[in-house]
Amino acid sequence: MLYLVATPLGNLKDITLRAIEVLNEVDMIACEDTRVSSKLLNHYGISKPLLSYHDHNADQMRPRLIGLLKEGKKIAYITDGGMPLISDPGFKLVRECQRESIPYTVIPGPSAPLMALCLSGLSPERFYFCGFLSSKQSARKKALEEIKDIRATLLFFESPKRLVPLLTDILHQFGEREGAVCREMTKIYEEVQKGPLSTLIAHYEANPPRGEVVIVVEGTSKFFSFTEADLDAELKKALNKFTFKDAVSHVSSAFGLSKREVYQRALSLESEKTRLS
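Attention in this report is confined to the structure presented alongside it. (Residues numbered from 1 in each chain as written. Predicted model: local features only at pLDDT ≥ 70, side-chain atom pairs only at ≥ 80, totals over all residues. Heavy atoms only, no water.)

Bringing the overall build of the protein into the picture now. Within the protein, the regular secondary structure consists of 11 helices and 10 strands. Structurally, the protein occupies a C-alpha span of about 65 × 60 × 35 Å along its principal axes. The contacts of the protein with a sequence gap of at least 6 include a subset with a gap of at least 24, amounting to 69%. In the protein, 37 side chains carry a positive charge and 35 a negative one; their mean positions are 2 Å apart. (Helix = DSSP H or I, 4+ residues; strand = E, 2+ residues; numbered from the N terminus. Contact = heavy atoms within 4.5 Å. Lys, Arg positive; Asp, Glu negative; His and termini not counted. Charge placed at Lys NZ, Arg CZ, Asp CG, Glu CD.)

With that out of the way, let us pick up the pairing of strand 6 (residues 127–132). Note: strand 6 against strand 7 (residues 153–158), five bridges, orientation parallel. Counterpart to Tyr 128 in the pairing with strand 7 is Leu 154. Traced from strand 6 through helix 6 (residues 137–147) to strand 7, the parallel crossover comes out right-handed. (Pairing = 2+ DSSP bridges. Right-handed = clockwise from strand over helix to strand, strands pointing away.)

This part is about the side chain of Asp 232. Assignment of secondary structure puts Asp 232 in helix 9 (residues 228–241). Classification of Asp 232 as buried rests on a relative accessible area of 11%. What Asp 232 contacts, discounting residues up to four positions off in sequence, is Arg 265 and Leu 269. (Buried < 20%, exposed > 50% of the residue type's maximum accessible area, 1.4 Å probe, protein only.)

Counting residues in each nonpolar core, the largest one holds 20 residues, and the members touching the most others are Phe 156, Leu 167, Ile 170 and Ile 215. Elements with a contribution of two residues or more to this core: helix 6, strand 7, helix 7 (163–174), helix 8 (197–206) and strand 10 (213–217). Sequence-distant contacts of Leu 167, that is, excluding residues within four places in its chain, are made with Val 181, Leu 197, Leu 200, Ile 201 and Ile 215. (Core = buried A, V, L, I, M, F, W, Y, C linked by side-chain atoms within 4.5 Å.)

The subject of this paragraph is the sheet that holds strand 4 (residues 75–78). Pairing in this open sheet of five strands is parallel, and the strands run 3-2-4-1-5 from one edge to the other. What marks the edges here is a single partner per strand, and that holds for strand 3 (50–52) and strand 5 (104–107). Taken over all neighbouring pairs, the strand axes of this sheet differ in orientation by 25 degrees on average, direction set aside. Bridge count for strand 2 (residues 28–31) against strand 4 is four bridges, and the pairing is parallel. Bridge assignment links Met 28 to a residue of strand 4, and that residue is Ile 75. Across the sheet, helix 2 (residues 34–43) touches strand 2, strand 3 and strand 4, and the angle it forms with strand 3 is around 150 degrees. (Axes fitted to C-alpha atoms, helices over the stretch in contact; angles between N-to-C directions.)

Further remarks concern helix 7. Taking 1.5 Å per residue, 12 residues should reach 16 Å; helix 7 reaches 16 Å between its end C-alpha atoms and fits that length. The complete set of buried residues in helix 7 reads Leu 163, Val 164, Leu 166, Leu 167, Asp 169, Ile 170, Gln 173 and Phe 174. In this structure, the buried side of helix 7 is in contact with helix 6, strand 7, strand 8 (178–183), helix 8 and strand 10. At the C-terminal side of helix 7, Gly 175 shows a positive phi close to 85 degrees. (Expected span 1.5 Å × (residues − 1).)

Applying the stated criterion across every chain yields a total of zero disulfides. Between Cys 31, a cysteine without a disulfide, and Cys 97, which holds the nearest cysteine sulfur, the sulfur-to-sulfur distance is 17 Å. Classification of Cys 31 by relative accessible area gives buried; the value is 0%. (Disulfide = S-S within 2.5 Å.)

Across the sheet, five strands lie side by side as 6-7-10-8-9; this open sheet has mixed pairing. Sheet topology places strand 6 and strand 9 (191–196) at the edges, where each strand pairs with a single neighbour. Going from strand to strand, the sheet's axes swing by 15 degrees on average, the running direction of each strand aside. As judged from the five bridges shared by strand 8 and strand 10, these two strands associate in the antiparallel manner. Residue pairing in the sheet places Ala 180 in a bridge with Val 216 of strand 10. Contacts between helix 7 and the sheet are confined to strand 7, strand 8 and strand 10, with strand 10 contributing the most and set at about 10 degrees to the helix.

The subject of this paragraph is the packing of helix 10 (residues 244–255) against helix 11 (residues 259–276). Helix packing for two helices is described by the angle between their axes and how far apart those axes are. Running from N to C, helix 10 and helix 11 cross one another at 125 degrees; their axes reach a closest spacing of 9 Å. Judged on the interaxial angle alone, helix 11 and helix 10 are oblique. By crossing handedness, the relation of helix 10 to helix 11 is classed as right-handed. Of the residues in helix 11, those in contact with Phe 244, Val 248, Ser 249, Val 251 and Ser 252 of helix 10 are Lys 259, Val 262, Tyr 263, Ala 266, Leu 267 and Glu 270. Broken down by class, the residue content of the contact of helix 10 with helix 11 amounts to seven nonpolar, two polar and two charged. (Parallel < 35°, antiparallel > 145°, perpendicular 65-115°, else oblique. Left-handed = near helix turned anticlockwise from the far one by under 90°. Nonpolar A, V, L, I, M, F, W, Y, C, P; charged D, E, K, R; others polar.)

The following block contains the structure:
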């Protein structure tokens, strides 16, 4: 059995009682950095064999972990902080468990993107997690071009050294928008800077940041014109792909319409389909 266990972002008191219970019960713990994880485990008196599993050794370690799981071992997987699989190689481990029919579950807890979203003061109604963009500017700009018209709050991970270059690229690609930079969350020097992108850039050019960073940027307010035929076409595709409720939610988000309005149109389309069949 594989347990995906969320761990504190910084404040060790943020661990859940269930996480402590599971970490005490498993046979071993796979972790991103044994040195970082040891601090947490030692704090709670947990002594288990540790296996290092990170971006640089995941391809070699994954078969070993799968082999141990097949033997019936209980293994917890943790990162340096936050929710496993979010911008880490745990995703491939889970996919391998699925292929091998190995059971796994999630022990929920702290999540850096969700905490940053709540701290930012920007709309949480719809949000889109972008993770780490490329360190190469050309690839980064291409990625930003693909997401600039998303009508949802955008969340990015970034290193403190590349914070200003990323904010600058976002400003150039998106234009001026409201944003927030959340760093050192739950730690002593937790900081949240909010304001227009240009103001954030100026602040961090004068005050180079330290510590882990999450960037939150408001979604586009750009108006998209569309015809009733466009709406119907998208609704028909969504109704064939999703449940009725999910289709309405998907299309209302895509077109910036109220769910009630889209719901009524979807009912009309379904009634027409029934009448013609």
